[in-house]
Amino acid sequence: MTSPIDDLHTVRDYLRYASSQFAASPVFFGQGTDNVWDESVQLVMRSLHLPLENNTLFLDARLTREERLLILERLRRRIDERVPLAYLLGEAWFMGMPFNVDERVLVPRSPIGELIENGFQPWLGDKPVERVLDLCTGSGCIGIGVASVFENATVDLSDISPDALAVAESNIDLHELHGRVRTVESDVFANITDQYDIIVSNPPYVDAEDMGDMPDEFHHEPVLGLAAGDDGLDIAHRIIAGAAEHLTPGGLLVVEVGNSWVALDEAYPELPFTWLEFSHGGDGVFAITEQDLRQWQKNR
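Quick look at the structure, then. Please read all numbers here as calculations on a predicted model, not as lab measurements.

Some points on the nonpolar core
And step 1. If you look at the biggest cluster of nonpolar residues, it comprises 34 residues, and the most contacted ones within it are Val11, Tyr14, Phe22 and Val44.
And step 2. Elements supplying a minimum of two residues to this core: helix 1 (11-23), helix 2 (36-47), helix 3 (65-80), helix 4 (85-89) and helix 7 (162-174).
And step 3. The dominant element in this core, judged by the number of residues it contributes, is helix 1, at 6 residues.
And step 4. Apart from residues lying up to four places away in sequence, Tyr14 is in contact with Ile5, Leu8, His9, Val44, Leu63, Arg68, Ile71 and Leu72.
And step 5. Membership of the second largest hydrophobic core comes to 32 residues, among which are Phe120, Ile144, Ala147 and Val200.

Structural data, given as structure tokens:
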């Protein structure tokens, strides 16, 4: 990609140029945005530390040479190296909040965010929420999102990866939540001793076939956060087996298993999973109550 640095000068120029370059390239969208324009807006505006919305005031602002070089280099790496944009920026947005991200964690993109914004209703009912566990937390975005909605709840962010937990700690700092949110290093429930009103998890769930077919962008993400055996259910099985013990009476378990949802449904014909629908897209997320999990265990 030859450099147009002497031909493009304004924010508007770089938004147009990035859009054209993306449209002519084989890049895959699906790690925060799903189209050429949104990807271009995020790349240009956040490289300049400008807002993603209400930003028309800046469109005709001229950029310094250093700013132009930075945008063009990030655009080159996004297209030539297929590096996810969130890693190039060092940030991703989830539930309207910024999060620190790098290649130690997955790029936040879970549809569970919509469920959190709705207070887990109607599945939570009138149960008060005092303690929440975000299992396989990665960057901590889901658990921190929960803490932003349930302002009196304490939240544990758990992950097997110390590297991921370091990123989660940085996001606890970013959102000034050290009084209510903490990290716990644990292989699923191995080091979890408490009970929670909600356990929510976006664990690894990619099966062997999908791991081999993923676009190049996903190979920049940690395999530990993606791969889950031949059928994508290695971690989900362990969560289902141990969740009831760590839920309070009337508690709720919410787990995302993506494309592996059919295999999970077939593996547990006796469990009354509720497969959730999302107005903003996404599927493969189930909810189930503590009572239903205990009844299933009793009948096994």
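Examining the sheet that holds strand 3 (residues 131-135)
And step 1. Sheet architecture is open: 7 strands sit in the order 5-4-3-6-7-9-8, paired in mixed fashion. Edge positions in the sheet fall to strand 5 (181-185) and strand 8 (274-275), since each has one partner strand and no second.
And step 2. Bridge count for strand 4 (residues 154-159) against strand 5 is 5 bridges, and the pairing is parallel. In the strand pairing of strand 5, Val155 is matched with Val181.
And step 3. Along the sheet face, helix 6 (residues 141-149) touches strand 3, strand 4, strand 5 and strand 6 (196-201) and points at about 175° away from the line of strand 4.
And step 4. In the packing of helix 7 onto the sheet, contacts are made with strand 4 and strand 5, and the angle to strand 5 comes to roughly 175°.

Calculation rules
- Residues numbered from 1 in each chain as written.
- Predicted model: local features only at pLDDT ≥ 70, side-chain atom pairs only at ≥ 80, totals over all residues.
- Heavy atoms only, no water.
- Core = buried A, V, L, I, M, F, W, Y, C linked by side-chain atoms within 4.5 Å.
- Buried < 20%, exposed > 50% of the residue type's maximum accessible area, 1.4 Å probe, protein only.
- Helix = DSSP H or I, 4+ residues; strand = E, 2+ residues; numbered from the N terminus.
- Contact = heavy atoms within 4.5 Å.
- Pairing = 2+ DSSP bridges.
- Axes fitted to C-alpha atoms, helices over the stretch in contact; angles between N-to-C directions.

The analysis is restricted to geometry; functional conclusions fall outside its scope.
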